[in-house]
Amino acid sequence: MKNCIIIGGGIIGLCSAYYLAKEGHQVTVLDKSDMSDGCSYGNAGMIVPSHVIPLAQPGMIAQGIKWMFDSTSPFYVKPRLDRELINWGLKFYKHANQSHVEKAMPALRDLSLLSKELYKEFAKENNSFLYQEKGLLMLYKSDAVGEDILHEAKAAENLGLEVSYYSKEEIPSVEKGLNTNATGAVLYHSDAHLYPQKFLAFIKSELEKLGVSIQLNSLVKDFEVSQGKIDTVITTKEKIAADEVILCSGSWSPEIAKKLKLKLSILPGKGYSFSLKNFKGGPTIPSILCEGKVAVTPMGNDLRFGGTMEITHNNDTKINKNRLKGIVNSINEFYPDLDIQIPEEKDTWFGFRPCTPSGLPIISRNEKLKNLVIASGHAMMGLSLAPATGKLVQEIVEGKKLSVSNQLF
Ligand SMILES: Cc1cc2nc3c(=O)[nH]c(=O)nc-3n(C[C@H](O)[C@H](O)[C@H](O)COP(=O)(O)OP(=O)(O)OC[C@H]3O[C@@H](n4cnc5c(N)ncnc54)[C@H](O)[C@@H]3O)c2cc1C
């Protein structure tokens with residue numbers, strides 16, 4: 001039995017805590033916040049084995065440059081003279097090629113499918129978090145975007161995922177809840193969804209039963225290191241001895257890694273969401289409005305919209321109305337029977353997706369510090385990949401054969 005200290009109580013940290021504690025390890029989760037509203041809470045709740053193509057892909061640089069001149073666009077890099085941003089951009093450029101995509105696709109598929117199986121196991125125990133397998137509907141309007149969507153769908157089919165294709169006229173046969181202006185759609189049968197806040201409540205109660213100690217408002221500020229090993233983790237409240245340290249601090253992971261003299265290339269990809277409570281007459285299937293890359297998720301009686309990816313820094317906590325306007329415009333363009341208004345600031349949530357330049361998460365033991373495991377950088381798929389990541393973390397800590405063996409993570 002090992003004494004495992006988890007830094008970061010987002011969905012990656014909590015799932016790691018779960019699988020470690022289940023194997024009998026003594027687990028402490030440290031989080032600087034009260035763990036009630038971070039990136040793992042207000043996201044779109046989609047479990048997406050369909051998302052096999054990483055963000056770093058051919059064409060993304062050219063598309064990104066075009067989008068940079070539109071303040072309502074779905075992807076944006078806030079320009080600034082910053083060494084980390086420049087390094088991140090250069091690494092992104094190096095990864096945005098077909099050979100990287102081809103290596104990444106089967107790896108992402110396997111990790112996602114494992115995660116979905118693990119979510120199903122949780123749901124069998126107690127589906128208080130509204131896990132449902134309704135698939136994911138990709139709705140598009142223009143021929144150019146339709147072509148990309150069909151190309152991605154074929155790639156997913158080639159990897160063994162089940163996909164259905166719909167013409168404009170056929171869409172009402174699959175989305176029966178609400179009319180759309182889409183000219184075509186693709187349904188990924190592999191995908192599922194849940195209510196993130198409810199899942200986090202569920203996993204916290206499981207951790208309580210397993211005796212995990214969760215320390216709120218405990219910011220990790222330093223470490224004591226000797227002979228290539230972390231001896232203690234120092235928080236604003238105490239000093240804790242550690243056999244194993246798991247770094248799961250999302251977009252803050254690089255600043256913590258710096259204390260350990262390690263470099264991690266992860267930047268926050270800021271995104272927004274808002275939810276309509278007790279909304280009747282909305283779409284029934286989780287959907288992506290492809291032109292604006294807006295996610296639409298029915299969650300129980302609520303309907304959540306999420307979108308935009310703005311590569312920025314962790315202190316950028318202002319709500320950018322133009323980004324929200326982009327999301328709202330997309331919704332109203334796709335659904336003629338809805339008239340959604342830009343939400344007020346108090347009803348708007350934002351989160352920082354931890355983005356690596358490769359578009360792939362890091363789930364591995366560190367080469368320099370032998371008792372450090374890093375599990376971070378899940379970008380737009382952290383909810384989707386969390387249980388599988390937690391399982392891999394447990395297997396790495398125990399030196400076991402990995403459930404998903406891949407050199408890429
Ligand atoms: C609009 C939007 C929609 C999204 N939709 C989806 C989706 O549908 N499906 C999907 O799979 N993913 C989605 N995501 C992405 C997903 O939310 C993230 O990938 C995921 O939440 C990242 O989890 P994490 O645990 O790595 O990080 P976080 O949830 O950010 O957790 C990190 C934790 O570390 C803590 N921390 C930081 N520094 C310190 C410190 N020094 N000491 C102690 N604690 C510290 C923080 O307080 C935080 O609680 C979406 C994201 C956004 C923004």
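In what follows, the structure referred to is the one given above.
Residues numbered from 1 in each chain as written. Predicted model: local features only at pLDDT ≥ 70, side-chain atom pairs only at ≥ 80, totals over all residues. Heavy atoms only, no water.

**Focus: the site of the ligand**
Spelled out, the test is: Near residues are defined by distance, with any heavy atom within 4 Å of the molecule or strand qualifying the residue. Contacts described as polar in this section are N or O atom pairs within 3.5 Å, which, within protein, must combine one atom able to donate a hydrogen with one able to accept it, while residues neighboring in sequence count only if both atoms come from side chains. Computed with the Shrake-Rupley method and a 1.4 Å probe, the accessible areas treat only the protein chains shown as cover for residues. Here a strand is any run of E in DSSP of at least two residues, a helix any run of H or I of at least four, and the numbering for each starts at the N terminus.
Within the structure, the ligand sits among 35 residues, and Asp31, Ser40, Val220, Ala379 and Ser384 are positioned closest to it. One nitrogen or oxygen atom from the main chain of glycine 45 is found 3.3 Å from an oxygen atom belonging to the ligand. A distance of 3.4 Å separates an oxygen atom of the ligand from a polar atom in the backbone of methionine 381. For the ligand, whose accessible area on its own is 1000 Å², the fraction buried by protein is 96%. For the shell around the ligand, the elements supplying multiple residues, two or more each, are helix 1 (11–22), strand 14 (267–276), strand 18 (349–355) and helix 10 (382–398). The greatest single-element share of the shell around the ligand, amounting to four residues, is contributed by strand 18.

**Structural notes on the sheet that holds strand 10 (residues 220–226)**
Applicable threshold: Criterion used throughout: strands pair if DSSP finds at least two bridges between them. Only the stretch in contact is used when fitting a helix axis, every axis being a line fitted to C-alpha atoms; angles between N-to-C directions are given from 0 to 180 degrees.
Pairing in this open sheet of three strands is antiparallel, and the strands run 10-11-12 from one edge to the other. Only two strands of the sheet have a single neighbouring strand rather than two, namely strand 10 and strand 12 (239–241). Looking at each pair of strands side by side, their axes are set apart by 25° on average, direction ignored.

**Some points on the nonpolar core**
Keep this limit in mind: The definition of a nonpolar core used throughout is a set of buried Ala, Val, Leu, Ile, Met, Phe, Trp, Tyr and Cys residues joined through side-chain atoms within 4.5 Å. The buried label goes to any residue with under 20% of its type's maximum accessible area, the exposed label to any with over 50%, and the partly exposed label to all in between, with areas taken from a 1.4 Å probe on protein chains only. Throughout, a contact is declared for two residues whenever any of their heavy atoms are within 4.5 Å.
Counting 73 residues, the largest nonpolar core has Ile11, Tyr119, Phe122, Phe199 and Ile203 as its most contacted members. Looking at which element gives the most residues to this core, the answer is helix 4 (residues 98–125), with 11 residues. Not counting the four nearest positions on each side in its chain, tyrosine 119 is found in contact with Ile11, Ile47, Phe129, Tyr131, Leu194, Phe199, Leu383, Ser384, Ala386 and Pro387. Counting residues in hydrophobic clusters, the runner-up holds 26 residues, among them Leu178, Tyr272, Phe274 and Leu324.

**Re a positive patch on the surface**
What counts here: Without a salt bridge and with relative accessible area above 30%, a residue can belong to a patch; like charges are then joined within 9 Å and nonpolar side chains (Val, Leu, Ile, Met, Phe, Trp, Tyr) within 5 Å. By definition here, a salt bridge exists when the distance from a side-chain nitrogen of Lys or Arg to a carboxyl oxygen of Asp or Glu is within 4 Å. When charges are tallied, Lys and Arg are placed among the positive residues and Asp and Glu among the negative ones, while His and the ends of the chain are skipped. Note on charges: their place is set at NZ of Lys, CZ of Arg, CG of Asp or CD of Glu.
Residues Arg83, Lys91, Lys94, Lys263 and Lys368 make up a contiguous surface patch of positive charge. Looking at where lysine 91 falls in the secondary structure, it is placed in helix 3 (residues 83–95). Lysine 91 gets classed as partly exposed once you look at its relative accessible area, which sits at 38%.

**Points about the pattern of salt bridges**
Side-chain pairs of opposite charge can arise where the charged atoms are in close proximity. Applying the stated criterion across every chain yields a total of 17 salt bridges. With a shortest N-O distance of 3.3 Å, arginine 80 and aspartate 82 are connected by a salt bridge. Residue class for arginine 80 comes out partly exposed when judged on its relative accessible area of 25%. Through salt bridges with shared partners, a single network forms among Lys2, Glu244 and Arg365.

**Remarks on a nonpolar patch on the surface**
Together, Ile61, Ile65, Phe69 and Tyr93 give the surface a local cluster of nonpolar side chains, amounting to about 480 Å² of exposed area. Relative to the helices and strands, tyrosine 93 is located in helix 3. Taking the relative accessible area as the measure of exposure, tyrosine 93 reaches 59% and is therefore exposed.

**Here we look at the environment of glycine 13**
Along the polypeptide, glycine 13 turns up in helix 1. Considering only alpha carbons, one finds glycine 13 and leucine 247, 234 residues apart in sequence, at a separation of 8.0 Å. With residues near it in sequence (within four places) discarded, glycine 13 still touches Ile6, Gly8 and Cys248.

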